[in-house]
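# Analysis of the macromolecular model
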Amino acid sequence: MSRRSAGLLVVRRAGERVELLLAHMGGPYWAGRDAGAWSVPKGEPEDGEDLLTAARREFTEELGLPPPEGEPVPLGEVRQRSGKVVTVWAVAGDLDPADVVPGTFELEWPPRSGHRVRVPEVDRVAWFSPDDARRLLVSGQAVLVDRLLEMLGTGPAGPAGT
């Protein structure tokens, strides 16, 4: 059985401009990467937890802030390269990335060293245009941008940079 995650993609609009809130994954593996190292704030549900509840809880755990109170709109599922299935909802909201206080987790680093370190779940949070979001998101999540734009009635913006 494949692993599952659930997440919230926060969206804000200013006139015709749409921006998406993304989180740069924390830890030493992602530290020197940019393209393909950003994600929708997400995480795995606890036993018996429904996916939307998990998405809201994980948002708070990863960013240290409550999720926006807007009505969540389903963007569906995506399968990441790892095989993990991620279910995502879009929600309108606005927050200042400077207010984020990321949660932390422990991992063995360097691998197979026996040495454990505590690292932030995310090390940066920022607002991006749809084109930039497509380029920066882990590859399995990039399709969420087009789903969101279609839902908003703006349609896909075309290839990055156009």
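Residues numbered from 1 in each chain as written. Predicted model: local features only at pLDDT ≥ 70, side-chain atom pairs only at ≥ 80, totals over all residues. Heavy atoms only, no water.

To continue, consider the packing of aromatic side chains. Going through the model one piece at a time under the given rule, you end up with two aromatic pairs. The interplanar angle of 90 degrees and the centroid separation of 4.8 Å between the aromatic rings of Y29 and W30 together place this pair among those described as edge-to-face. Geometrically, the ring pair formed by W38 and F128 is edge-to-face, given 4.9 Å between the ring centres and 80 degrees between the ring planes. Placement of the pair is W38 in strand β3 (residues 38-39) and F128 in strand β9 (residues 122-128), with a sequence separation of 90 residues. Accessibility assignment for this pair places W38 and F128 in one class, buried. Over the face of the ring belonging to Y29 we find R33, whose NZ or CZ atom lies 4.0 Å from the ring centre. (Phe/Tyr/Trp six-rings, centres within 6.5 Å; stacked < 30°, edge-to-face > 60°. Helix = DSSP H or I, 4+ residues; strand = E, 2+ residues; numbered from the N terminus. Buried < 20%, exposed > 50% of the residue type's maximum accessible area, 1.4 Å probe, protein only. Lys NZ or Arg CZ within 6 Å of the ring centre and 35° of its normal.)

Attention now goes to the pattern of salt bridges. Per the counting criterion, the structure on display carries 16 salt bridges. Measuring nitrogen to oxygen at the nearest pair gives 3.1 Å for the salt bridge that ties E106 to R116. With E106 in strand β7 (residues 104-108) and R116 in strand β8 (residues 116-120), this residue pair connects regions lying 10 residues apart in the sequence. As a salt-bridge pair, D131 and R134 come within 2.6 Å of each other at their nearest N and O atoms. Placement of both D131 and R134 in helix α2 (residues 130-136) is noted, with a separation of three residues, approximately one turn of the helix. Judged by relative accessible area, R134 falls into the buried class, the value being 17%. Salt bridges here are not isolated pairs; linked through shared partners, they connect E46, E49, R57, E58 and E61. (Salt bridge = Lys/Arg side-chain N within 4 Å of Asp/Glu carboxyl O.)

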